[in-house]
Amino acid sequence: MRKNKDDIIRKQVAALGRPSTELLDRVIARCDRIASYRRLARMLLAGFLVLAAASAVVLYLWVTPLQLDGTSMEPLLRMDEIVLAVKTDSPARNDLIAFYHNNRLHVKRVIAVAGDRVEIDGDGLVSVNGETLKEPYVAEPSLGSCDIGFPCYVLPGTVFVLGDNRPSSLDSRDSRFGPVGRDQIVGRVVLRVWPPGRLGSVK
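Keep in mind the model is a prediction, meaning the values are calculated, not measured.

### Concerning the overall build of the protein
Here's step 1: In terms of helices and strands, the protein carries 2 helices and 12 strands.
Here's step 2: For the protein, the succession of helices and strands along the chain, N to C, is α-α-β-β-β-β-β-β-β-β-β-β-β-β.
Here's step 3: Here the protein, with 203 residues, has 32% of them falling under the buried criterion.
Here's step 4: By sequence separation, contacts in the protein at least 24 residues apart represent 59% of the contacts at least 6 residues apart.
Here's step 5: Split by element, the accessible area of the protein, about 13200 Å² in all, is 58% carbon and sulfur.

### Here we look at the environment of Lys-87
Here's step 1: Summarising the element assignment, Lys-87 is placed in the loop between strand S2 (82–86) and strand S3 (96–101).
Here's step 2: Along the sequence, Lys-87 and Val-189 sit 102 residues apart, while their C-alpha atoms lie 8.8 Å from each other.

### Description of the sheet that holds strand S7 (residues 131–132)
Here's step 1: Taking strand neighbours across the sheet as the criterion, the 4 strands line up as S7-S6-S5-S8 in an open arrangement whose pairing is antiparallel. Looking at which strands have only one partner, the edges of the open sheet turn out to be S7 and strand S8 (152–153).
Here's step 2: Bridge count between strand S5 (residues 117–120) and strand S6 (residues 126–128): 3 bridges; the pairing is antiparallel. Note that in S6 the partner of Val-118 across the bridge is Val-128.

### Overview of the nonpolar core
Here's step 1: Among the nonpolar cores identified, the biggest contains 13 residues, and Leu-77, Val-83, Leu-96, Ala-98, Val-107 and Val-189 are the most heavily contacted of them.
Here's step 2: Put simply, the parts of the chain that give this core at least two residues each are S2, S3 and strand S11 (185–194).
Here's step 3: Those residues in contact with Leu-77 that lie beyond four places of it in its chain are Leu-68, Val-83, Leu-96, Val-107, Arg-192, Arg-198 and Val-202.
Here's step 4: Of all hydrophobic cores here, the second largest spans 12 residues; its members include Val-118, Val-126, Tyr-137 and Val-138.

### What to know about the confidence of the model for the protein
Here's step 1: For the protein, the average pLDDT comes to 84, and 79% of its residues sit at 70 or higher.
Here's step 2: For the protein, per-element mean pLDDT is lowest for helix H1 (residues 2–16), which scores 56, and highest for strand S9 (residues 158–162), which scores 97.

### Quick notes on the packing of aromatic side chains
Here's step 1: For the coordinates displayed, the defined rule picks out 1 aromatic pair.
Here's step 2: For the ring pair Phe-99 and Phe-177, a centre distance of 5.8 Å and an interplane angle of 85 degrees mean the geometry is edge-to-face. Within this pair, whereas Phe-99 is found in strand S3, its partner Phe-177 is found in the loop between S9 and strand S10 (180–181), the two being separated by 78 residues in sequence. Side by side, Phe-99 and Phe-177 carry an identical accessibility label, which is buried.
Here's step 3: We note Arg-109 situated over the ring of Tyr-137; from NZ or CZ to the ring centre the distance is 3.6 Å.

Parameters at a glance
- Residues numbered from 1 in each chain as written.
- Predicted model: local features only at pLDDT ≥ 70, side-chain atom pairs only at ≥ 80, totals over all residues.
- Heavy atoms only, no water.
- Helix = DSSP H or I, 4+ residues; strand = E, 2+ residues; numbered from the N terminus.
- Buried < 20%, exposed > 50% of the residue type's maximum accessible area, 1.4 Å probe, protein only.
- Contact = heavy atoms within 4.5 Å.
- Areas by Shrake-Rupley, 256 points an atom, 1.4 Å probe, with all protein chains shown as cover.
- Pairing = 2+ DSSP bridges.
- Core = buried A, V, L, I, M, F, W, Y, C linked by side-chain atoms within 4.5 Å.
- pLDDT = per-residue confidence, 0-100.
- Phe/Tyr/Trp six-rings, centres within 6.5 Å; stacked < 30°, edge-to-face > 60°.
- Lys NZ or Arg CZ within 6 Å of the ring centre and 35° of its normal.

Spelled out as structure tokens, the structure:
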């Protein structure tokens, strides 16, 4: 029985004939191409995974996504929008910073830094070191919730912050809030990522 089967296979192989050298070359070339494509695919996948891992580390170490809670930065930033903050503990004047106060996250604008002299008049006009600020981002100037005396000198290691929505913002004008220490700062807010229709840098 086994011998009959072997004979049948031999006859079939003989009927097919011996493959030509040209055919063998084409088959070998095709196999080489497939192997090359597979190596390239593995290299691209490995590169993508390394890039994704590096990006995740950078985001974790340097960039923090934040969802806004409150209206103190309107009209620039609105409730529930998502922004990105780049880590820093040395913000400059006019930077938007995210920080913690009483275990709650806030976003405000840096008006003055250590050593500056701040004054706010009854109409809500702000002066730093004797110069009245031009604040196009403020829709309605207001003294707001203010119980501190002026002039106010910003202490070392702190910054003086105000919300753009001056009538309703609780900020450094109020002694319950006060200046923001560097150790409280999460980072500088640089980009709005949600909603898509308002994607872009913020300042």
